[in-house]
Amino acid sequence: MLKDTTAVVTGASSGIGAAVARALAAEGATVALLARRRDKLAELAGAINTRDGGRARMYEADVTHADAVRDTIDAVARDCGGIDILVNNAGGGSWGPAVTAELADWHSTVELNVNGVLNATHAALPHLTRAAATHGRGVADIVTISSVAGRRVPSANSNVYSATKHAVGAFSEALRQELAEQHVRAGLVEPGIVATELTTSGHAYTPEATSVAGYGPLQPDDIAATVVFMVTRPRHVALNELLVRPTEQTN
Ligand SMILES: NC(=O)c1ccc[n+]([C@@H]2O[C@H](COP(=O)([O-])OP(=O)(O)OC[C@H]3O[C@@H](n4cnc5c(N)ncnc54)[C@H](OP(=O)(O)O)[C@@H]3O)[C@@H](O)[C@H]2O)c1
């Protein structure tokens, strides 16, 4: 359904971003994989281009570096003939009590989860509005991966992480209102706990949900399927916000 489209996926080197890239490529999109870890990007691009029969290009970039992000997004548009879909997925951050937190950790979480989204969106907007006006689909998409923690504060320990996800939720809603008439859809996907590097590889990210015994988390492919569903709706349908929890997650 996404034949002749180009999708930029930030944070495509692992977890949800990698799964989203594969799923969009499987629908026919050319995917621009953006992240910092070159080896991981090369591995995924190789898999999509060879085994999966899709089309992927890799772009090594740090979303917190605004100029580098703009140069990268412009390069994608040149290389691929435009940009139809931006998936703002790169993100992370630590959870923990405020009284023992390092201020630098708070700042880096804001830098990644908020400024990273702003940098990529600002750079992509001219390309997206152009695609909506001139490309065959007649619509373009900005999908931002927020979190359950962007809807409500799931625990005290989620303080700054939750603040950043609420911030991108507000930003996405404002984009939706501004861009609706131009057929640029701004959608928010809010996952519950997903098994990724963020939640399993010893990062400081420790949502309480991980301590609940006996239920399985979502898998990255579950969120990828949600993103694909969102961006493959007909031109007159916009899914603005999708909250996706593991069935047994209560918080
Ligand atoms: N896992 C969950 O339970 C969960 C729940 C709700 C929401 N989320 C959200 O889902 C998104 C993806 O997270 P994930 O769970 O898939 O974790 P992950 O596997 O750790 O993936 C994070 C991705 O972000 C990239 N990234 C981090 N810092 C970056 C930077 N400065 N510049 C460019 N890319 C950067 C990483 O790539 P490099 O290190 O190669 O740059 C990686 O590809 C995040 O926004 C997260 O907040 C996750």
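Residues numbered from 1 in each chain as written. Predicted model: local features only at pLDDT ≥ 70, side-chain atom pairs only at ≥ 80, totals over all residues.

Peer 1: Describe the overall build of the protein, and please don't skip the residues or the numbers.
Peer 2: When helices and strands are tallied, the protein shows seven helices and seven strands. Starting at the N terminus and walking to the C terminus, you meet the elements of the protein as β-α-β-α-β-α-β-α-β-α-β-α-α-β. The C-alpha atoms of the protein give a radius of gyration of 17 Å, which matches the 18 Å a tight globule of 251 residues would have. C-alpha extents for the protein along the principal axes are approximately 50 × 40 × 35 Å. Every one of the 251 residues in the protein was classed for burial, and the buried ones make up 47%. (Helix = DSSP H or I, 4+ residues; strand = E, 2+ residues; numbered from the N terminus. Rg over C-alpha atoms; globule rule 2.2 N^0.38 Å. Buried ≥ 20, exposed ≤ 12 C-beta atoms within 10 Å, placed from the backbone.)

Peer 1: Explain the site of the ligand to me, using residue names and the numbers behind them.
Peer 2: As a structural note, the neighbourhood of the ligand is formed by 29 residues, with Gly11, Gly15, Arg36, Arg37 and Gly91 the closest of them. Of the residues belonging to the shell around the ligand, the class tally is eleven nonpolar, 13 polar and five charged. (Near = placed C-beta within 6 Å. Nonpolar A, V, L, I, M, F, W, Y, C, P; charged D, E, K, R; others polar.)

Peer 1: Lay out the sheet that holds strand β2 (residues 30-35) in plain terms, naming residues and giving numbers.
Peer 2: Sheet architecture is open: seven strands sit in the order β3-β2-β1-β4-β5-β6-β7, paired in parallel fashion. The strands lining the two open edges of the sheet, one partner per strand, are β3 (55-60) and β7 (241-244). Each adjacent strand pair in this sheet contributes to an overall mean axis angle of 15 degrees, direction not counted. Across five bridges, the pairing between strand β1 (residues 6-10) and β2 is parallel. Pairing of Thr6 across the sheet is with Thr30, part of β2. In this fold helix α1 (residues 15-26) packs onto β1, β2, β3, β4 (85-88) and β5 (140-145), with an angle of close to 170 degrees to the strand it touches most, β1. (Pairing = 2+ DSSP bridges. Axes fitted to C-alpha atoms, helices over the stretch in contact; angles between N-to-C directions. Contact = placed C-beta atoms within 7 Å.)

Peer 1: Describe the environment of Met230, listing the residues and the values that go with them.
Peer 2: Assignment of secondary structure puts Met230 in helix α7 (residues 220-231). Under the C-beta neighbour-count criterion, Met230 is labelled buried, with 22 such atoms within 10 Å. In sequence terms Met230 and Val139 are 91 residues apart; their C-alpha atoms lie 12 Å from each other. Apart from the residues lying within four places of it in its own chain, the contact partners of Met230 are Val143, Gly187, Val189, Leu239 and Leu242.

Peer 1: Let's hear about helix α2 (residues 38-51): which residues, and what values?
Peer 2: Taking 1.5 Å of rise per residue, 14 residues should cover 20 Å, and α2 covers 19 Å from first to last C-alpha, within 8% of that figure. Looking at the buried residues of α2, the elements they touch are α1, β2 and β3. (Expected span 1.5 Å × (residues − 1).)

Peer 1: Any details on the environment of Ala224? Residues and values, ideally.
Peer 2: Tracing the chain through its elements places Ala224 in helix α7. Distance from Ala224 to Ile16, taken between C-alpha atoms, is 6.7 Å for residues 208 residues apart in sequence.

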